[in-house]
Amino acid sequence: MEEVCLNSEPVFDEGDDCRFEGDCNGMEHDETGERHSKKEPLPPTVGLEFNSFDEAYYFYNIYAKEQGFGIRVSNSWFRSKRKERYRAKLSCSNAGFKKKSEANNPRPETRTGCPAMIVIRLVDSKRWRIVEVELQHNHPVSPQLKRFYKSHKKMILAARKAQPLPEPDTEVHTIKLYRTSVTNMVSNGHSNVDEGEGLNCVDHSKHLELKEGDAHAVYNYFCRMKLMNPNFFYLMDLDNDGHLKNVFWADARSRAAFGYFCDVVAIDTTCLANKYEIPLISFVGVNHHGQSVLLGCGFLGHESTESYVWIFRAWLKCMQGHFPQVIITDWCKALQSAVSEVFPKTHHCYCLWYIMQRIPERLGGLRGYEAIKKQLNKAVYNSLKIAEFENSWVIMIRQHGLGNNKWLRTLYEERQRWVPVYLKDIFFAGMIPIQENESLTAFFDGYVHKHTSFKEFVDRYELALHRKYLKEAVAELESRNSSLELKTRCNFELQLSKLYTKGIFKRFQSEVEGMYFCFNTRQVNVNGPIVTYLVKERVEIEGSEKEVRHFEVLYETSQADIRCICSLFNYKGYLCRHALNVLNYNGVEEIPSRYILPRWSREFKCRCLLDQSSREIELCNPIYWYNNLYRGAIAVVEAGAQFPDHYKIALQELEELLNRLNLVDNDLV
């Protein structure tokens, strides 16, 4: 397995840097030992980096030979004291013009002043980066021309000496475009490899099925993002023949968001389950407004444990090895095996909504389907105790003769991972549905359909993220600048209206209003300081039909600890109407602080930033510096964009900071 990484830290110990090439098939060797490809190689791109000047020259020289022109070093810049080259311009051999000769028979002018070139610059004193590219020539070029240029002759001599290329360093931002190739597979899944070459047959079912232009579009997007933002992370998984198997990436916002909202992560494999053209996998969290936030993305070439393990490890490395507390996935054996291998200490749960959505497909053909569905929903959603669920399940199986149904039998064996009654002690931050009328929406819903191509997705991906960030910014402004409407005279509602974001407060507000549907609250048991209450609630079941349900609430009087059997606090992160009723019954006027989660606070990001800053700084970890500074910068931007006076203060301080760092920005007004 080979990996391609453009990041500021090593990704895996094994593997090797190798090239990712958009429209390139297998490489061959000609009689001189020189490499060439059957398709035009990927052109130079701004942002590509190399371990040395020679490697950059070699890459451009190979590209030039394939196109049919020679190259030369037209300009070099050196540091005067050390005579160290730090910048160079590699140009087409037809660049510029020769000096006029005073000889009697001067040679005719052969140069055309061709503008084609690349400019490379030394960065961090060890890597060479392409910073400027011009691909257009002002003269004909063709690989069919049998002319040998001086730069190409150097390649032949070097090949005959058979000097090995230097070993790549996985710690640097580099892609070796000349080391090996990635086959850009077309829709029929075949690559251009001769059968007589003695190579093993390639299993294309385990590779990404890229159409023409797809690989180029994805690769160009990665290069552009990496150049714009050094904290952009991406990784490519290649097999030994250079075929692209899996891809993972996460932008700076996703990496910063994980620093805030790393407790619960859902892994969305909707596109894989529904056989979309793009095998998209998304890592999704929930922010302090209750909105979905993207924590990383990937393309999976094959739904296997091996592929899932690779992409989970890539994501974990991207997030600096920080494990989430809870991971929610679809019900899948390959996913289960991969999660247990990569996240052994994380609670792994199956998404209830995905499972319930499969009921029509799995059970729709059975006699008495409607009755089965009704009983199954009741057992899953209405059971408050494990014994209730077990009893309801057994009755359903016996009544409908479903003992031999393999799907239901397997579901029952895995019940502790998906049935809510078994998950009451796990905090989910509202990321799993616990009521029949709740549903889930995929992060890219409305932006991706079954036939969206890789090329289309790159554009829609940016649009989706832009709209999501805009939605979050609006929620931030509304939470800070507008007073929240109160619907009751309950002091609990007033208390949290001053603390929570608008989105979360609205959800809590529905619980306060729900207190008025609860009645006949009474003590049923006393065990020292622990009192058990029974709260009745009148709930709607179908249409206008209602029924009365009973909820047990434990209340510890000395510490004001409270827990309801419905366990809404763990599922959603705020107290339920039944617990609020008991607090009110006992004359408690304010919700105890332990039940007011900072996670839902308007000031959560600022508090989190202060907590991070108070810890010991990792002096040798630039990624830590970047993430910490990025979170702080985002907080300043969000606060500065709220009021004119805040904007002026932020801008003034920013200008001063830029001056102190010698980074004066003339565009700041």
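Residues numbered from 1 in each chain as written. Predicted model: local features only at pLDDT ≥ 70, side-chain atom pairs only at ≥ 80, totals over all residues. Heavy atoms only, no water.

**Side note on the overall build of the chain**
Check the secondary structure of the chain and you find 20 helices and 19 strands. Per-residue burial over the chain gives 50% buried out of 669 residues. Long-range contacts, defined as pairs at least 24 residues apart, comprise 62% of the intrachain contacts of the chain with a sequence gap of at least 6. With the model as given, the accessible surface of the chain reaches about 34,500 Å², and the carbon-plus-sulfur share is 49%. (Helix = DSSP H or I, 4+ residues; strand = E, 2+ residues; numbered from the N terminus. Buried < 20%, exposed > 50% of the residue type's maximum accessible area, 1.4 Å probe, protein only. Contact = heavy atoms within 4.5 Å. Areas by Shrake-Rupley, 256 points an atom, 1.4 Å probe, with all protein chains shown as cover.)

**Topic: the pairing of strand β8 (residues 127–134)**
Where strand β4 (residues 49–50) meets β8, two bridges bridge the pair, whose relative direction is antiparallel. Considered in β8, the bridge of phenylalanine 50 is made with tryptophan 128. With seven bridges joining them, strand β7 (residues 117–123) and β8 adopt antiparallel strand pairing. Considered in β8, the bridge of valine 123 is made with arginine 127. (Pairing = 2+ DSSP bridges.)

**Overview of the packing of helix α3 (residues 214–228) against helix α13 (residues 454–481)**
At a minimum axis distance of 7 Å, the contact between α3 and α13 shows a crossing angle of 30°. Classified by the angle between their axes, α3 and α13 sit roughly parallel to one another. In contact with Asp214, Ala217, Val218, Tyr221, Arg224 and Met225 of α3, α13 contributes Phe454, Lys455, Val458, Tyr461 and Glu462. (Axes fitted to C-alpha atoms, helices over the stretch in contact; angles between N-to-C directions. Parallel < 35°, antiparallel > 145°, perpendicular 65-115°, else oblique.)

**Notes on the UniProt feature "domain: SWIM-type" (unreviewed entry) in the chain**
In the UniProt entry, the feature "domain: SWIM-type" (unreviewed entry) is given for residues 551–587. Secondary structure across residues 551–587 comprises 38% helix and 27% strand; the distance between its end C-alpha atoms is 20 Å. (UniProt positions renumbered as here; feature names shortened; annotations may be inferred.)

**Examining the nonpolar core**
If you look at the biggest cluster of nonpolar residues, it comprises 56 residues, and the most contacted ones within it are Ile328, Phe428, Ile562, Leu575 and Ile591. Split by domain, this core shows at least three residues from each of two domains, domain 2 (214–351 + 445–469) and domain 4 (491–596). Once you skip the residues sitting within four places of it in the chain, phenylalanine 428 turns out to touch Val264, Val326, Ile328, Cys349, Leu423, Asn570 and Tyr571. Ranked by size, the runner-up nonpolar core spans 54 residues in total, among them Ile130, Val218, Cys271 and Phe443. (Core = buried A, V, L, I, M, F, W, Y, C linked by side-chain atoms within 4.5 Å. Domains from an automatic or database assignment.)

**Focus on helix α15 (residues 502–514)**
Over its 13 residues, α15 runs 18 Å from end to end, which matches the ideal 18 Å to within 8%, given 1.5 Å per residue. Where α15 is concerned, the buried positions are Ile504, Phe505, Phe508, Gln509, Glu511, Val512 and Gly514. Residues of α15 that are buried sit in contact with α14 (491–497), β16 (518–527), α16 (568–572) and α17 (577–585). (Expected span 1.5 Å × (residues − 1).)

**Notes on the sheet that holds strand β17 (residues 530–542)**
Strands pair in a sheet through their backbones, by hydrogen bonds, and they do so in one of two ways: parallel or antiparallel. Spatially, β16-β17-β18-β19 is the arrangement adopted by the four strands of the open sheet, whose pairing is antiparallel. Of all strands in the sheet, those bounded by a partner on one side alone are β16 and β19 (561–564). Here the average twist between neighbouring strands, direction ignored, is 25°. Pairing of strand β18 (residues 545–556) with β19 involves four bridges; the strand directions are antiparallel. For leucine 554, the partnering residue across the bridge sits in β19 and is arginine 563.

**With respect to the packing of aromatic side chains**
Per the counting criterion, the structure on display carries 42 aromatic pairs. Here the aromatic residues Tyr221, Phe222, Phe232, Tyr234, Trp249, Phe299, Phe443, Phe444, Phe454, Phe457 and Tyr461 are joined through ring pairs into a cluster of three or more. When the ring centre of phenylalanine 443 is taken as reference, the NZ or CZ atom of lysine 468 above it lies at 4.6 Å. (Phe/Tyr/Trp six-rings, centres within 6.5 Å; stacked < 30°, edge-to-face > 60°. Lys NZ or Arg CZ within 6 Å of the ring centre and 35° of its normal.)

**Remarks on the pairing of β18**
Walk down a regular strand and you will see the side chains alternate between the two sheet faces. Bridging between β17 and β18 involves twelve bridges; their strand directions are antiparallel. What sits directly across from isoleucine 530, in β18, is glutamate 556. Between the end of β18 and the start of β19, which pair antiparallel, lie four residues, with alanine 560 showing a positive phi angle near 55°.

**Points about the sheet that holds strand β5 (residues 71–79)**
Spatially, five strands are ordered β4-β8-β7-β6-β5 in an open sheet, and the strand pairing comes out antiparallel. Edge positions in the sheet fall to β4 and β5, since each of these pairs with one other strand and no more. As judged from the eight bridges shared by β5 and strand β6 (residues 84–92), these two strands associate in the antiparallel manner. From the neighbouring strand, serine 76 faces β6, where its bridge partner is alanine 88.

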